[in-house]
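Each chain is listed here by its residues.
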Amino acid sequence: MLSRLAKLPRDSRDTLFLLGVIAWLVLPQAPHLPVWCVAMAAGLLAWRALLALGSRPLPGSVWVVGLLVLAVAATFATHRTLLGRDAGVTLIVTLLALKTLEMRARRDIFVVFFLGFFTMLTNFFFSQSLLTAAAMLLGLLGLLTALVNAHMPVGKPSLAESARTAGWMALLGAPVMAVLFVLFPRFGPLWGMPGDAMAGRSGLSANMQVGSIASIVLDESIAMRVRFLGPAPAPGELYFRGPVLSTFDGREWRPVSPRLGSGTTALTGSSQLQVSGQPLRYEVTLEPSNRPWILVLDAAAKPPEAPGVDTIMTSELQWLASRPVTDLLRYQAESHTSFRHGPRSFAAVLPEYLQLPANRNPRTLALAQQLKSDAGLRTGGPEALVRAVLERLRTGGYGYTLDPGVYGAETADEFWFDRKEGFCEHIASAFVVLMRAMDIPARLVTGYQGGELNKVDGFWVVRQSDAHAWAEVWLQGQGWVRVDPTGAIAPERVGSLRRLQPPRNALASALGNMTPGLTVNLRAAWEAINNAWNQRILNYTQSRQLNLLKDIGFSSPSWEDLSHLLISVIVLVALGGAAWTLWDRRERDPWLRLLRRVRGRLAAAGVVLPAAAPPRQIAGAVTARFGAAGAPLADWLLQLEALRYARAPSTSLPLLQRDLRRLHWPEAPT
Amino acid sequence: MSSPVASATNAPDAPAAVPAAGQEHYFVLNPVAHARRQFRAWWQARLPLSDSITLTQRNVYILPTRPGFMMGATLLVLVIASINYQLNLGYLLTFLLAGCCVVGMHVCHATLRGLTMNLMAPDPQFAGTSACLRIALSNNRKSARYGIGLAVLDLDQDDRWAYTDVPALGSSTVQVAFKPGRRGLHRVPMLTAETRFPLGIFRVWTVWRPAAQVLVYPAPEAVPPPLPAGEPRAGGGATARVQATGEFEGVRAYRRGDPLKLVVWKKAAKSEELVSRDAQQAQRYELWLDFAQAGLQDTERRLSRLAAWVLQADRLGMDYGLRLPGQQIAPASGEAHKRRCLEALATC
């Protein structure tokens, strides 16, 4: 196969190579493209490859124009626009594939080259992971190789040769990249972040349908990374607070009506928080979620310090950013694990947290009535009721499972009486319904619980699979109190962080069985690398750039300083280049330099010789001009000649240099 | 050491920068182009004349090509996209590409810088045929130089390039052709070398004014009339001299068509080759190619006819003399004689 490829005529070989590179660029984003676009691109590339293999002529322009019109129409039909990110990506990929049908001269490669770069960039809309970066680096080298190859017009140069040149260029270009990356001033989006920038990411959502977290839990992707600046709290206290859901229609939980999230109540929200004890300081690197949620540990009294982002707290203790988190966001926060929140005595807002859908979950309501009327519990008040329900969960044969089956309409009834097993959301949802039925204000809190310490770099990694739902109940005199009913059923889910493992594929389980530690360690190492990538590269923002300047010694750095620094570096490099040019112009062969010196002195004495005159000719001229007085110089010149050409010269260059200094320079005969 | 040879033809007439007719008119219509041509002519006249040139920073020029500007636009769009979508990986890609472009610029310049070009002395040519210039490129660097194009500099036409690679520490030869317009001694036209290796976003070139001259013979007439009749030998003693010596002076290699009686059988017996007596020695009449008797009015066409006759006489192996206004070349034969005659025709 390879030998057959090597035997192809040059144009066919070059075309096939370029087609391969294009396929490599398009492949990673195929899942994000419309199906017709992927099919069309694959078809076009395959068609072009067949033409190249057979060295057959390209189709006429009617074909190309027809396909172009078709592609534009299909793009419009799919996206309802030709502008914006998604339509643009679809168009660029189609154009790139179509252009290969027009690739006649080697110069046409330029258009493919430029389109290839846009395609490469569009990959980053969907993923900026290390893996994507590596794949695109390979693609870039491929494109450069094709371009270099196109500029070697003679014969049939080997692609390996072109690849080597391309590799060298990339390697030597890397310092330029590094300097520009560090010093190029970072701005915010020029005309606002397009709304479609973050479509299609999984994670917590604003509404929770009972059963939806179970789909997230199979998602091993990382939600956030946390580094504690000081001692880490116990794993059981790692509750990262996300959306608080308070209205329930029987199947779906939603946040409270917007008026409670408005500005005035936001202020009362923070005033209702009292913290005590030593705060925990930590730094969070939040993966993009396209949501404004800033996840912090319960409870943060001070706004998280996020660069370029204003944060506010809702009345439900959730922190919100001024804009959706569309790229990696790093912030520092301070949390207290001991705190009081909410009104101490019954307040006007609390009835919101007692509402239940009408005519739903009759058995749960009956259970609530039964518990409330229990004489032993009535004296203990709400706390005793909560304890009783938790006790029921612990001892009532309830189980924790990832695969509870599909719940019907009466989710709470089904949990409490029929299935008796479920995932955190079923448990928490059923718990809150029961609490409300007993006239205890309760709400559902979603977020992440726990995390995994990467021992390689000391970061806690919180995954989508750590998504969790728990409950908060309002107690007279205490305010809102966190209750995690899941902990009652499966303490290990909360306490020691042993999660239910999603089913693993055969290879991973085989590996895991043979060397249990290996997969864990490999994963830890890989994630540490990934984290370093995120921290250093993806999270290199304006504030970090300015911090860097501060470290260098600028007192109050601004982007003007950055520009000055960048310009100084460019000027310095240019000066270096000029110096090198001057140095390069010098004669570097010491032998020739010596000869030139002598020639210069002779010219000053009136003996002008051509630049190409060899020592013997100069010696002859010296003898002719000065006679016997020139004999030492002539002799020296002959030694110089012997040094270069004799089989075993009796002198050396330093010796000759010394002799020349001591030489009695002949006087011209008068 | 390989020496790939490429060639291209080029057909400039005289390097007339400005159309001869309506020059004023032209100047009025297109003053900028006129000024550019003037500047270029002045600048090119300043170039030193040399058959050998080593390219340095001083005689190698670099400018971005059109794809180079497109590349700049691409970089701009990429950086705007990176800013707008806050893609740090996009920045990395853009800057790496920019870095590659900077390196590419350097590599492009270094492809010509340090290269030595030698023009081999060109052979004389007939007017109207393409003259071939052989240029040896030598590389004293430890890496190869790729995609170097050479061409005759032509201001009015697109240059057509002969491309070559120069191996590491080696040399290669390129042939470029030009069509001399009229007879005479011409300076070899200005040559140019360029490269766009490796990325094609920069063009690096040099202009070189060789010192060598090429002699251009008149174009031989396509269908010349038969050779003129010979003239009796001066002094009328030709026959006597031949008879007096009793044998022919000259012998030469046997040519097909020689009469058998001219073969020197004695010599043929000693060696394996046939040798003929040089028949021309026996001629009683001398062949004179005379400018005055060439029969045409136009000087150039007369010279063309004489050139055709010279070639014809040489082909027939005859002795011939050439009479031109102001000079006369005594009858003789052979390659050197032919060259001498053609040279006289070229330069008279």
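Thresholds, definitions, all that
Every chain is numbered independently, its residues counted from 1 as its sequence is written. All chains are assigned letters beginning with A, and all ligands numbers beginning with 1, in the order in which they are written. The predicted nature of this model means local features are confined to residues of pLDDT at least 70 and side-chain atom pairs, given and counted, to a pLDDT of 80 or more, with totals for whole chains, interfaces and linings taken over all residues. Water and hydrogen atoms were dropped before computing side-chain values, which therefore reflect all heavy atoms in the structure. Helix and strand assignments come from DSSP, with helices taken as H or I runs of at least 4 residues and strands as E runs of at least 2, each series counted from the N terminus. Relative accessibility decides the category of a residue: with a 1.4 Å probe and only protein chains considered, values under 20% of the type maximum give buried, values over 50% give exposed, and everything between is partly exposed. Here, two residues are considered to be in contact whenever any of their heavy atoms come within 4.5 Å of each other. Note on areas: Shrake-Rupley with a 1.4 Å probe; residue coverage comes only from the protein chains shown. Whether two strands pair depends on DSSP finding at least two bridges between them. When two parts are put together, the accessible area they lose, computed with a 1.4 Å probe and summed over both, is reported as buried area. What makes a salt bridge here is a side-chain nitrogen of Lys or Arg within 4 Å of a carboxyl oxygen of Asp or Glu, nothing more. Under the convention adopted here, Pro, Cys and the residues Ala, Val, Leu, Ile, Met, Phe, Trp and Tyr are nonpolar, Asp, Glu, Lys and Arg are charged, and Gly plus all remaining residues are polar. For every element, the axis is a line fit to its C-alpha atoms; helices are fit only across the contacting stretch, and the angle between N-to-C directions ranges from 0 to 180 degrees. Helix span, expected: 1.5 Å multiplied by one less than the number of residues in the helix. The criterion is simple. A nonpolar core is a set of buried Ala, Val, Leu, Ile, Met, Phe, Trp, Tyr and Cys residues joined through side-chain atoms within 4.5 Å. By convention here, the domain bounds are inherited from an automatic or database domain assignment. UniProt positions are given in the numbering used here, feature names are shortened, and annotations may be inferred rather than shown by experiment.

Draft legend 1. Representation of the overall build of chain B in the model. Of regular secondary structure, chain B possesses eight helices and 19 strands. By residue count, 47% of the 348 residues in chain B fall in the buried class. Long-range contacts, defined here as pairs at least 24 residues apart, represent 70% of the contacts in chain B between residues at least 6 apart. About 17600 Å² of surface is accessible on chain B, with carbon and sulfur atoms providing 55% of the total.

Draft legend 2. Fine view of the pairing of strand S11 (residues 191–195) of chain B. Residue and element names in this part refer to chain B. With five of five residues buried, S11 lies mostly within the body of the structure. A two-sided burial pattern is seen for S11, the buried positions comprising Leu191, Ala193 and Thr195 on one face and Thr192 and Glu194 on the other. With five bridges connecting them, strand S7 (residues 145–152) and S11 associate as antiparallel partners. Residue pairing for S11: Ala151 is matched across the bridge by Thr192. Where S11 meets strand S12 (residues 202–208), five bridges bridge the pair, whose relative direction is antiparallel.

Draft legend 3. Spotlight on the interface of chain A and chain B. Contacts between the two partners involve 56 residues from chain A and, on the opposite side, 44 residues from chain B. Overall, the association of chain A and chain B removes approximately 4600 Å² of surface from exposure, summing both partners, and the carbon and sulfur fraction of that is 78%. Viewed at the interface, chain B and chain A are joined by zero salt bridges. Breaking the side of chain A that touches chain B down by element, the ones donating at least two residues are helix H6 (109–126), helix H7 (130–150), helix H8 (159–183), helix H18 (516–538) and helix H20 (559–585) of chain A. With 11 residues, H8 of chain A is the largest single contributor of residues to the side of chain A that touches chain B. Its residues placed into classes, the side of chain A that touches chain B shows 39 nonpolar, nine polar and eight charged.

Draft legend 4. Spatial organisation of the sheet that holds strand S10 (residues 184–187) of chain B. All names here are of chain B. Pairing is mixed across the open sheet formed by three strands, whose spatial order is S5-S13-S10. Edge positions in the sheet fall to strand S5 (125–126) and S10, since each of these pairs with one other strand and no more. Set on the sheet, helix H8 (residues 335–347) makes contact with S5, S10 and strand S13 (213–217); between it and S13 the angle comes to about 95°.

Draft legend 5. Layout of H7 of chain A. The end-to-end C-alpha separation of H7 of chain A is 30 Å, in line with the 30 Å expected for 21 residues at 1.5 Å each. With respect to burial, H7 of chain A is a largely interior element, 16 of its 21 residues being buried.

Draft legend 6. Seen up close, the nonpolar core. Counting residues in each nonpolar core, the largest one holds 119 residues, and the members touching the most others are Phe117 of chain A together with Met117, Ile135, Leu137 and Val176 of chain B. At 13 residues, the largest contribution of residues to this core is made by helix H4 (residues 88–112) of chain B. Lining this core are residues from two domains, each supplying at least three of them: domain 1 (1–183) and domain 3 (544–583) of chain A. With residues near it in sequence (within four places) discarded, Ile135 of chain B still touches Met117, Asn118, Leu119, Leu150, Ser172, Thr173, Val174, Val176, Leu191 and Trp208 of chain B. Counting 45 residues, the second largest nonpolar core, distinct from the first, contains Ala368, Cys424, Val432 and Leu475 of chain A.

Draft legend 7. Spatial organisation of the pairing of strand S18 (residues 460–463) of chain A. Residues and elements named next belong to chain A. On S18, burial covers both faces: Trp460 and Val462 on one face and Val461 and Arg463 on the other are all buried. The sheet contact formed by strand S2 (residues 222–228) and S18 spans four bridges and is antiparallel. By the bridge assignment, Val226 is partnered in S18 with Trp460. When strand S17 (residues 452–453) meets S18, the two strands line up antiparallel, connected through two bridges. Bridge pairing links Glu452 to Val461 in S18. Where S17 folds back on S18, the antiparallel hairpin that results is connected by six residues, among which Gly458 adopts a positive phi of roughly 75°.

Draft legend 8. Main features of the pattern of salt bridges. Within this structure, the stated rule accounts for 30 salt bridges over all chains. For Arg339 of chain B, the salt bridge identified is with Glu335 of chain B, shortest N-O distance 3.9 Å. In this pair, Arg339 of chain B and Glu335 of chain B are both assigned in helix H8, four residues apart and thus about one turn of the helix distant. Looking at Arg339 of chain B, the relative accessible area reads 38%, which means it is partly exposed. Connected via shared salt-bridge partners are Arg241, Asp298, Arg443, Glu472 and Arg482 of chain A.

Draft legend 9. Expanded view of the UniProt feature "transmembrane region" (unreviewed entry) in chain A. The UniProt record annotates "transmembrane region" (unreviewed entry) at residues 58–76, 110–127, 133–154 and 166–184 of chain A. Its end C-alpha atoms 25 Å apart, residues 166–184 of chain A is made of 95% helix and 0% strand.

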